[in-house]
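# Secondary and tertiary structure notes
This is what each chain is made of:
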Amino acid sequence: MPLTSEQRITLHGFNNLTKSLSFNMYDICFTKTKEERESYIAYIDQQYNADRLTSILKTVAEIIGAHVLNVAQQDYEPQGASVTMLVSEGPLEQATHESFEESPGPVPNGVAMHLNTSHITVHTYPEYHPDEGISTFRADIDVSTCGEISPLKALNYLIRSFDTDIMIIDYRVRGFTRDIYGHKLFIDHEISSIQSYIPEEIQDLYQMIDVNVYQENIFHTKCKLREFDLNNYLFGYTKDTLSKDEQQEIEKSVKWEMDEIFYGKNMVFA
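A brief structural summary. Keep in mind the model is a prediction, meaning the values are calculated, not measured.

Another aspect to go through is the side chain of D165. Its place among the elements puts D165 in the loop between α3 (155-160) and β6 (166-174). The charged side chain of D165 is buried without a salt bridge, its nearest counter-charge being K224 at 11 Å. At 3.2 Å, the side chain of D165 and the side chain of Y233 are in polar contact. The residues touching D165, leaving out its near neighbours within four places in the chain, are Y26, D27, I28, Y206, C223, K224, L225, Y233 and M258.

Given below as structure tokens:
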């Protein structure tokens, strides 16, 4: 059945550049007993349920100037949640120079820019190993736009929306648009590093590594917290209740887990 004029999405003047941001974050916790592990998973499921994730993604849509067309959300058993949001062109307002600068985006003030059919998704993965003391929570967020504004402008807000020990961030630009003379443009904004879109006060908290392929418009940044406070990795109690030996063993275990995730490889736990 043909769509009515009200249902159609107008793509006249369509910008064929697709800009994709993948934001992958990890929260790590030491959970000594089965009860602690189950309580941690229940806490994460409550904190980052489908309704809360939908609220976060709606704010992302506001930041990149998008209309939300459709939302599909689901909480899973025994744990985890997913939200997929289809968005389209938002109201076109006068673009400020800051909207194109290599700088952090707003938190959470809206920036209305030209945007065509795009999508935003989030999936969460709380899990624990039945025989070990580590539990982890991972959230994967993808923001894909086909308009003028880069989804990197939503990165500042996303970082502040999660308790994050490790972040792995990817940004890539595909397709092309044309200038008035017909020449192809394979990227329409300057970028040297994803780090330029992260505020200095957040950068100071993290050890960061870049792997960038500039000629292919591929940018990759990994971040791991610099400071380590064992109390931030215990669930329901503090390190004062543990012996010095227990504190050292737990700290070693948590740091080992963080290093394996950060470097993306199995390491020997000595």
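After that view, the rundown keeps rolling.
Next up on the list: the packing of aromatic side chains. A full pass over the atoms with the stated rule returns 10 aromatic pairs. An angle of 35 degrees between the planes, with centres 6.3 Å apart, marks the rings of Y171 and F219 as tilted. Here Y171, found in strand β6, pairs with F219, found in strand β10 (residues 218-225); they are 48 residues apart in sequence, far enough to count as distant. Just as Y171 is buried, F219 falls in that class too. Measuring from centroid to centroid gives 5.0 Å for F262 and Y263, while their planes differ by 75 degrees, and the two rings are edge-to-face. Taken together, the aromatic side chains of F23, Y48, F137 and F162 make up a single cluster linked through ring pairs. Lying across the ring of F262, K222 places its NZ or CZ 5.3 Å from the centre. The ring of F228 has K255 lying over it, and the distance from NZ or CZ to the ring centre is 5.0 Å.

Looking at soluble globular proteins, one finds that nonpolar side chains tend to be buried together. F23, I120, L155, F162 and I169 are the most contacted members of the largest nonpolar core, which totals 49 residues. If sequence neighbours within four positions are ignored, I169 has contacts with L21, S22, F23, L155, I194, I198, F219, H220, T221 and C223. I28, L242, M258 and F262 belong to the second largest nonpolar core, which has 16 residues in total.

Topologically, T54 is positioned in helix α2 (residues 50-63). On the basis of relative accessibility, which here comes to 6%, the residue T54 falls in the buried class. In this structure T54 touches V71, Q73, V83 and M85, once residues within four positions along its chain are discounted.

Attention now goes to helix α1 (residues 34-47). Under the 1.5 Å per step criterion, the end-to-end length of α1 is 20 Å for 14 residues, consistent within 8% with the ideal 20 Å. All of the buried residues along α1 are E36, R37, Y40, I41 and I44. One side of α1 carries all its buried residues, which in axial view fall inside an arc of 135 degrees. Opposite its buried face, α1 presents the exposed residues E35 and Q46, each directed more than 90 degrees away. Among the structural elements, β1 (18-30), β4 (118-128) and β5 (134-145) are those in contact with the buried residues of α1.

This part takes up the pattern of salt bridges. A side chain with one charge can pair with a side chain of the opposite charge if their charged atoms come near. Under the criterion given, the structure shown has 6 salt bridges. A salt bridge links K224 to D259; the nearest nitrogen and oxygen atoms lie 2.5 Å apart. A residue pair is termed long-range when its members are at least 10 positions apart, and K224 in strand β10 and D259 in helix α5 (residues 244-263) qualify at 35 residues. We classify K224 as buried; its relative accessible area is 11%.

This paragraph deals with the pairing of β4. In this sheet, β5 lies alongside β4 in antiparallel orientation, the contact comprising 10 bridges. Bridge pairing in β5 places H119 opposite S144. The loop that links β4 with its antiparallel partner β5 comprises 5 residues.

Our focus in this paragraph is α5. Counted at 1.5 Å a residue, the expected span for α5 with its 20 residues is 28 Å, and the 28 Å between its end C-alpha atoms agrees. Q247, I250, S253, V254, W256, E257, M258, E260, I261 and F262 are the residues of α5 that are buried. Residue G264 follows α5 closely and has a positive phi angle near 70 degrees.

Cut-offs used in this document
Residues numbered from 1 in each chain as written. Predicted model: local features only at pLDDT ≥ 70, side-chain atom pairs only at ≥ 80, totals over all residues. Heavy atoms only, no water. Helix = DSSP H or I, 4+ residues; strand = E, 2+ residues; numbered from the N terminus. Buried < 20%, exposed > 50% of the residue type's maximum accessible area, 1.4 Å probe, protein only. Lys, Arg positive; Asp, Glu negative; His and termini not counted. Salt bridge = Lys/Arg side-chain N within 4 Å of Asp/Glu carboxyl O. Polar contact = N/O pair within 3.5 Å; in protein donor to acceptor, adjacent residues only side chain to side chain. Contact = heavy atoms within 4.5 Å. Phe/Tyr/Trp six-rings, centres within 6.5 Å; stacked < 30°, edge-to-face > 60°. Lys NZ or Arg CZ within 6 Å of the ring centre and 35° of its normal. Core = buried A, V, L, I, M, F, W, Y, C linked by side-chain atoms within 4.5 Å. Expected span 1.5 Å × (residues − 1). Arc of directions from axis to C-beta. Pairing = 2+ DSSP bridges.

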